[in-house]
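# Secondary and tertiary structure notes
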Amino acid sequence: MSNDHYSLAVPFYDLWHEDGHVPQIRAGLPALLKDVSDGVLEIGAGTGLITEVIARETEGEVFAVEPSLGMRSVLLSRLAADAELRSRVTVLPYGALDVDLDEPVGGVVMISVLHAFTPAGRERLWPTLARQLRPGGLLVLNHRERPAPQPGDLERLASYRVGRHAYEIWGQTLEVDGETVRSRFLYRIRQRGVVISEDEVVSVYHGVTGARLAAEVEAAGFVPESAPEGLRAWRRSTS
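What comes next concerns the included structure. (Residues numbered from 1 in each chain as written. Predicted model: local features only at pLDDT ≥ 70, side-chain atom pairs only at ≥ 80, totals over all residues. Heavy atoms only, no water.)

## Topic: the packing of aromatic side chains
Any aromatic ring pair is given by two values, namely how distant the centres are and how the planes are angled relative to each other. Taken as a whole and assessed by the stated rule, the structure comprises three aromatic pairs. Taking the centre distance of 6.4 Å and the plane angle of 20° together, the rings of Phe185 and Tyr187 count as stacked. For Tyr187, a relative accessible area of 5% translates into the label buried. The lysine or arginine in question, Arg188, covers the ring of Trp170, its NZ or CZ lying 4.9 Å from the ring centre. (Phe/Tyr/Trp six-rings, centres within 6.5 Å; stacked < 30°, edge-to-face > 60°. Buried < 20%, exposed > 50% of the residue type's maximum accessible area, 1.4 Å probe, protein only. Lys NZ or Arg CZ within 6 Å of the ring centre and 35° of its normal.)

Dropping the structure here:
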């Protein structure tokens with residue numbers, strides 16, 4: 001068993017996310033980024049699915065933060081195949097709380113990584129991001145309130161055919177304690193119905209209500225901005 005959820009999920013990551021939130025983000029994010037002209041910081045870039053959107057919709061530099069070696073490897077391969085992307089995207093191999101850019105940027109984008117931060121981590125996160133933004137700079141993240149999951153049996157969440165193999169993601173909720181959810185995942189590859197590869201991980205998810213999220217962000221000096229469904233946006237106060 002391993003707790004390196006991100007690296008073990010790499011072979012399944014694009015399959016799972018292209019089938020999940022990524023199409024909605026691709027549709028909604030460009031409208032928010034249209035006026036951002038002086039650089040974007042992306043928190044939790046993963047394999048670069050959203051990095052490509054950011055780079056396509058903006059003209060400045062993109063600073064892609066990704067602490068997972070496995071995820072960064074795919075992201076850098078994606079950049080290597082596109083000379084224009086490679087010239088503008090800088091990959092930062094550490095976590096969000098360690099970010100300290102040379103100059104402020106016009107936008108911060110954080111997609112599907114909020115759950116990785118404990119309440120104490122979020123308390124440090126918002127001021128850290130505010131310091132990276134110029135006054136009036138935009139903070140964008142995705143957030144959707146869902147009913148609290150209940151502990152239950154292991155179930156198949158998705159299966160994808162890749163050549164002759166089936167890539168399966170299985171999961172179950174193990175424990176719920178307030179906003180903290182502990183879950184178990186199995187990443188399986190099958191050939192002719194036989195499991196030829198399996199990795200098991202246990203991950204911890206930290207939920208937050210929309211009201212609490214807004215209170216935390218606005219206490220750090222951000223002002224709410226309208227955003228498409230599934231996205232939340234704020235601007236760093238100019239006062």
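Next comes the rest of the account.
## Regarding the sheet that holds strand β5 (residues 133–142)
Across the sheet, seven strands lie side by side as β3-β2-β1-β4-β5-β11-β10; this open sheet has mixed pairing. At either margin of the open sheet sits one strand with a lone partner, and together these are β3 (89–92) and β10 (222–225). On average, each strand axis in the sheet is inclined to that of its neighbour by 20°, with strand direction left out of account. Bridge count for strand β1 (residues 40–43) against strand β4 (residues 105–110) is four bridges, and the pairing is parallel. Considered in β4, the bridge of Ile43 is made with Met110. Helix α7 (residues 119–132) rests against β1, β4, β5, β10 and β11 (231–236) of the sheet, and its axis sits at about 130° to β5. Helix α8 (residues 210–219) contacts β5, β10 and β11 of the sheet and is inclined by roughly 15° relative to β11. (Pairing = 2+ DSSP bridges. Helix = DSSP H or I, 4+ residues; strand = E, 2+ residues; numbered from the N terminus. Axes fitted to C-alpha atoms, helices over the stretch in contact; angles between N-to-C directions. Contact = heavy atoms within 4.5 Å.)

## Examining the environment of Leu76
Mapped onto the elements, Leu76 comes out in helix α5 (residues 69–80). Its relative accessible area of 44% is what places Leu76 among the partly exposed residues. Spatially, the C-alpha atoms of Leu76 and Gly48 are 8.3 Å apart, while their sequence positions differ by 28 residues.

## Structural notes on the side chain of Glu216
On the secondary structure map, Glu216 appears in helix α8. For Glu216, a relative accessible area of 18% puts it in the buried group. Of note is the side chain of Glu216, whose polar atom sits 3.2 Å from the side chain of Trp126. Non-local contacts of Glu216, meaning those with residues more than four positions away in its chain, are made with Arg122 and Trp126. (Polar contact = N/O pair within 3.5 Å; in protein donor to acceptor, adjacent residues only side chain to side chain.)

## Some words on a negative patch on the surface
Among the surface-exposed residues, Glu61, Asp100, Asp102 and Glu103 lie close enough to one another that they form a single negatively charged patch. On the secondary structure map, Glu103 appears in the loop between β3 and β4. (Patch = residues over 30% accessible without salt bridge, like charges linked within 9 Å, V, L, I, M, F, W, Y side chains within 5 Å. Areas by Shrake-Rupley, 256 points an atom, 1.4 Å probe, with all protein chains shown as cover. Salt bridge = Lys/Arg side-chain N within 4 Å of Asp/Glu carboxyl O. Lys, Arg positive; Asp, Glu negative; His and termini not counted. Charge placed at Lys NZ, Arg CZ, Asp CG, Glu CD.)

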